[in-house]
Amino acid sequence: MKTLGIVFSNIHDKEITELTQKRTLASIPFGGRYRLIDFVLSNMVNSGIGKVGIITKTNYQSLMDHVGSGKYWDLSRKNGGLMLLPPYGVGDRVLYKSRFEAICGISHFLRRCDEEYVVMSDCDAVCNCDFSDALQYHIDHDAEMTVIVHKTKTKGHSFTSVAFDKNHRVTSVTNQDKQDGEKYILTNMIIVNRLFLLKLIENAHELGYTSFSRDILVRGAKEYRIFAYEYDGYFRVIDSLANYYAYSLELLDKNTRDDLFKKDGANIYTKVRDSAPCRITDTAKVHNSLVADGCVIEGEVSGSILFRGVKVAKGAVITNSILFQDTEVGEGTKLNCVIADKQVKILEDRLLSGYKTHPYYISKDTVI
């Protein structure tokens, strides 16, 4: 089953503006050594997808630096492999404004491909999903499109919810569903027949299609053969700074880490850096934390995540915090519920604190 992967790297940038001022959502650091795009790329590679196109838009220099040629995901190939697709919309050289415009903007790329199926995914989901099972489900049901859904209890958030009949054929899709309760939500991971997708693009102007969700999923639920495939594994959507903080710290639980990183032997891959091992001195105390390679810890760290190259001086106390790459914390400084972006420098005897539902964020290259 020849399958093409399409990744939307910027679709949800506006939802976490703090972390996407200088990077795409796809390249947001997560879990001590990963980026959000690592999850979708790993899912595709683990599912046997050897050709992946990443649709870019703005601030994608860090994304290019991270994915490179794709070799860390076994996507550096003569045939297929990893491709960055240009950030232009339909017709003229303007940035796309919606998911559907982004798809229309790569129509020439889709026409040159010969894969029968396309797996499309955003980068805001943290999960370990086997697309090959969903693809077989798609084929068995003779579907034109299959949406991957996840059953969850929603409270205080709005999602795109999906309803389907006993045969799992989609009967309705509701955007911005704000009703609390248990429901099936759209994961924004979708399998579609390539020729069917091209047909939608070619007829978009005639049919007045401008939005993939509203015009194709919502209005087309009864017109097209759209089926729902349930993914029941670990699934989190990074749609706010508070959720990013909460879901990051969930990884401190070993069972959660195993569900995400070791599900059925499917690994999550990332860019490899040749760094020295973490150094923890005799003055340090580390409890229930994820500490990446290259860190130097002389103070106390508890319930926190430290990315590569973080330095914690003697007498410093870090609790319930997330420190990005190359952050430095001075002597006597105390941090609680803090997210420090890359290369932040916090001087001696500072006291910074947020709250678990409202973490204190320090932007990249800041000196405090």
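Residues numbered from 1 in each chain as written. Predicted model: local features only at pLDDT ≥ 70, side-chain atom pairs only at ≥ 80, totals over all residues. Heavy atoms only, no water.

Could you give an account of the sheet that holds strand S25 (residues 338-340), naming the residues involved and the relevant values?
Read across the sheet, 5 strands follow the order S16-S19-S22-S25-S28 without closing on themselves; strand pairing throughout is parallel. Bordering the open sheet on either side are strand S16 (290-291) and strand S28 (360-362), each of which pairs with just one other strand. Relative to strand S19 (residues 305-306), S16 is paired through 2 bridges, and the arrangement is parallel. Bridge pairing in S19 places Val291 opposite Leu306. (Pairing = 2+ DSSP bridges. Helix = DSSP H or I, 4+ residues; strand = E, 2+ residues; numbered from the N terminus.)

Got a sec to walk through the packing of aromatic side chains? Specific residues and values, please.
The tally for this structure, following the rule as stated, stands at 12 aromatic pairs. Seen from their ring centres, Phe30 and Phe39 are 5.8 Å apart, and the 80° between their planes marks the pair as edge-to-face. Note on accessibility: Phe30 and Phe39 belong to one class, buried. Following the ring pairs from residue to residue traces out a cluster consisting of Phe30, Tyr34, Phe39, Tyr244, Phe261, Phe307 and Phe324. (Phe/Tyr/Trp six-rings, centres within 6.5 Å; stacked < 30°, edge-to-face > 60°. Buried < 20%, exposed > 50% of the residue type's maximum accessible area, 1.4 Å probe, protein only.)

So what's going on with the pattern of salt bridges? Which residues, and what values?
Enumeration according to the criterion identifies 12 salt bridges in this entry. Notably, a salt bridge pairs Arg219 with Asp215, separated by 3.0 Å at the nearest N-O pair. You can call Asp215 buried: its relative accessible area is 1%. The network of salt bridges with common partners includes Arg214, Asp215 and Arg219. (Salt bridge = Lys/Arg side-chain N within 4 Å of Asp/Glu carboxyl O.)

I'd like a description of the sheet that holds strand S15 (residues 285-287), backed by residues and values.
Reading across the sheet, the 5 strands line up as S15-S18-S21-S24-S27 and stay open at both edges, with parallel pairing between neighbours. Two strands lie at the open edges of the sheet, namely S15 and strand S27 (351-353), each paired on one side alone. Strand-to-strand twist across the sheet, computed as the mean angle between neighbouring axes with direction ignored, equals 5°. Where strand S21 (residues 317-319) lies against strand S24 (residues 334-336), 3 bridges are found, and the strand directions are parallel. Considered in S24, the bridge of Val317 is made with Lys334. (Axes fitted to C-alpha atoms, helices over the stretch in contact; angles between N-to-C directions.)

Let's hear about the environment of Leu110: which residues, and what values?
Mapped onto the secondary structure, Leu110 falls in helix H4 (residues 107-112). It is 9.9 Å that separates the C-alpha atoms of Leu110 and Gly53, two residues lying 57 residues apart in sequence.

Any chance you could break down the nonpolar core for me, citing the residues and the numbers?
In this structure, Ile37, Tyr244 and Ile322 are the most contacted members of the largest nonpolar core, which totals 64 residues. Tallying contributions element by element places helix H1 (residues 36-46) first for this core, with 7 residues. Among residues more than four places away in sequence, those in contact with Ile37 are Val7, Ala26, Ile54, Leu63, His66, Val67 and Cys123. By size, the runner-up hydrophobic cluster in this structure holds 39 residues, among which are Met145, Val149, Val170 and Val192. (Core = buried A, V, L, I, M, F, W, Y, C linked by side-chain atoms within 4.5 Å. Contact = heavy atoms within 4.5 Å.)

I'd like a description of helix H5 (residues 131-140), backed by residues and values.
Within H5 the residues assigned to the buried category are Phe131, Ala134, Leu135, Tyr137 and His138. One side of H5 carries all its buried residues, which in axial view fall inside an arc of 160°. On the buried face of H5, the contacting elements are strand S1 (3-8), H1, strand S6 (117-121), strand S8 (145-154), strand S11 (181-193) and strand S12 (226-230). Among the residues trailing H5, Asp142 stands out with phi positive, at a value near 50°. (Arc of directions from axis to C-beta.)

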